[in-house]
Amino acid sequence: MNRLQAAEQLRRALQIYANTLPEEQALEVATVYPVWEAGRAYAVGEILSYGTNSVGDPQLYKVVQAHTSQEDWTPDSVPALYDAFGLDDEGYPVWSQPTGAHDAYNTGDIVSYNGTLYQSLIDGNTTVPGSDPRWWEIWEGSQ
């Protein structure tokens, strides 16, 4: 086996292990994850990168529905297949539109949306932060 093959196998082993990390730790090693590609079969729970986030790091997505990707099914355009995740500059999760109960926000969850921190006031919250004061409030930190 040559060095290139060994390096490719090591990278693949790291990618397999990296899929077991919690999202917060996954963000610390974002460059390890494979880049999204069309025509590839994806399984639920796989993590991949596509584009960059607001701080210039690879944007990570978790596959939420098994499928074979297509050119027009990019992770940023089909939230029913991919769930974007990441943290803002202060370490808070960036809000992404939930696609169902599996990724809805719950009471007490804090998210960053358009540069403002919001706290969910209900369980199963799928609304946009700031759209209704019954569901979200601006979070000013621990009081």
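Every chain begins its residue count from 1, and numbering advances along the sequence as written. Whole-chain, interface and lining totals are the exception, using all residues; otherwise, since this is a predicted model, local features are given only for residues with pLDDT of at least 70 and side-chain atom pairs are given and counted only at 80 or more. Where side-chain values are given, they derive from all heavy atoms of the structure, hydrogens and water being excluded.

Enquirer: Describe the overall build of the protein, listing the residues and the values that go with them.
Expert: Looking only at helices and strands, one finds two helices and eight strands in the protein. Elements are defined by DSSP. Helices are runs of H or I of four residues or more, strands are runs of E of two residues or more, and each kind is numbered from the N terminus. Helices (α) and strands (β) of the protein occur, in sequence order from the N terminus, as α-α-β-β-β-β-β-β-β-β. With respect to the principal axes defined by its C-alpha atoms, the protein has extents near 60 × 30 × 25 Å. Within the protein, the fraction of its 143 residues that count as buried is 34%. Of the accessible surface of the protein, which amounts to about 8,600 Å², a share of 51% is contributed by carbon and sulfur atoms. The charge count includes Lys and Arg as positive and Asp and Glu as negative, but it does not include His or the ends of the chains. A charge is said to be at NZ when it belongs to Lys, at CZ for Arg, at CG for Asp and at CD for Glu. A distance of 13 Å separates the average location of the 6 positive side-chain charges in the protein from that of its 20 negative side-chain charges. Using a 1.4 Å probe on the protein chains alone, a residue whose accessible area is under 20% of its type maximum counts as buried, one over 50% counts as exposed, and one in between counts as partly exposed. Areas reported here follow the Shrake-Rupley algorithm with a probe of radius 1.4 Å; residue values treat only the protein chains shown as occluding.

Enquirer: Let's hear about the packing of aromatic side chains: which residues, and what values?
Expert: By convention, a stacked pair of Phe, Tyr or Trp rings (six-membered ring in the case of Trp) has centres within 6.5 Å and planes under 30 degrees apart, an edge-to-face pair has planes over 60 apart, and any other such pair is tilted. The full count for this structure, using the stated rule, is six aromatic pairs. With a centroid separation of 5.6 Å and 85 degrees between ring planes, the pair formed by Trp36 and Tyr50 is classed as edge-to-face. Taken as a pair, Trp36 in the loop between helix 2 (23-28) and strand 1 (41-42) and Tyr50 in strand 2 (residues 47-52) lie far apart in primary sequence, 14 residues in all. For Trp36, a relative accessible area of 12% corresponds to the buried category. Owing to a relative accessible area of 25%, Tyr50 belongs among the partly exposed residues under this scheme.

Enquirer: Account for the pattern of salt bridges, naming residues and giving values.
Expert: Should a side-chain nitrogen of Lys or Arg be within 4 Å of a carboxyl oxygen of Asp or Glu, the pair is scored as a salt bridge. Inspection of every chain in the model, using the stated rule, returns three salt bridges. Here Lys62 makes a salt bridge to Glu23, at a shortest N to O gap of 3.9 Å. You can see Lys62 sitting in strand 3 (residues 58-63) and its partner Glu23 sitting in helix 2, a full 39 residues away along the chain. Residue Lys62 is classed as partly exposed on the basis of its relative accessible area, which comes to 25%. Overall, Glu23 belongs to the partly exposed group, its relative accessible area being 28%. Residue Asp132 is joined to Arg134 by a salt bridge in which the shortest nitrogen-to-oxygen separation is 2.5 Å.

Enquirer: Any details on the side chain of Gln59? Residues and values, ideally.
Expert: Along the polypeptide, Gln59 turns up in strand 3. At 2.8 Å, the side chain of Gln59 and the backbone oxygen of Phe85 are in polar contact. The contact criterion used throughout is that any non-hydrogen atoms of two residues lie within 4.5 Å. When residues no more than four places from it in sequence are discounted, the contact partners of Gln59 are Leu48, Ser49, Tyr50, Gly51, Thr52, Asn53, Ala84 and Phe85. For the purposes of these results, a polar contact is taken to be a pair of N or O atoms within 3.5 Å, where, inside protein, one atom must be able to donate a hydrogen and its partner to accept one; residues adjacent in sequence count only when each atom of the pair is a side-chain atom.

Enquirer: Before we move on, could you go through the sheet that holds strand 8 (residues 136-138) and cite the residues and values that matter?
Expert: Read across the open sheet, the three strands follow the order 6-7-8; overall the sheet is antiparallel. On the outer flanks of this sheet lie strand 6 (110-113) and strand 8, each paired with one strand and no other. Shown here is a sheet whose adjacent strand axes are inclined to one another by a mean of 40 degrees, direction ignored. Two strands make a pair as long as DSSP finds a minimum of two bridges between them. Axis definition: a line fit to C-alpha positions, over the contact stretch in the case of helices; interaxial angles, taken between N-to-C directions, run 0 to 180 degrees.

Enquirer: Lay out unusual backbone geometry with the relevant residues and their values.
Expert: Positive phi outside glycine occurs at Asn114, with the angle close to 50 degrees. Within the secondary structure layout, Asn114 lies in the loop between strand 6 and strand 7 (116-120).

Enquirer: An account of the nonpolar core is needed here, citing residue identities and associated values.
Expert: One broad trend across soluble globular proteins is that nonpolar side chains are buried collectively. Only buried residues count toward a nonpolar core. Its members are Ala, Val, Leu, Ile, Met, Phe, Trp, Tyr and Cys residues joined through side-chain atoms within 4.5 Å. Membership of the largest hydrophobic core is limited to nine residues, which are Ala18, Leu21, Ala26, Ala30, Val32, Tyr33, Ile47, Leu60 and Phe85. Apart from residues lying up to four places away in sequence, Val32 is in contact with Arg11, Leu14, Gln15 and Ala18. Of all hydrophobic cores here, the second largest spans eight residues; its members include Leu48, Tyr61, Val78 and Tyr82.

Enquirer: Mind laying out the sheet that holds strand 5 (residues 82-85), listing which residues take part and the relevant values?
Expert: With antiparallel pairing, the three strands of this open sheet are ordered in space as 2-3-5. The open sheet is flanked by strand 2 and strand 5, the only strands paired with a single partner. In this sheet, neighbouring strand axes are inclined to one another by 40 degrees on average, regardless of whether the strands run parallel or antiparallel.

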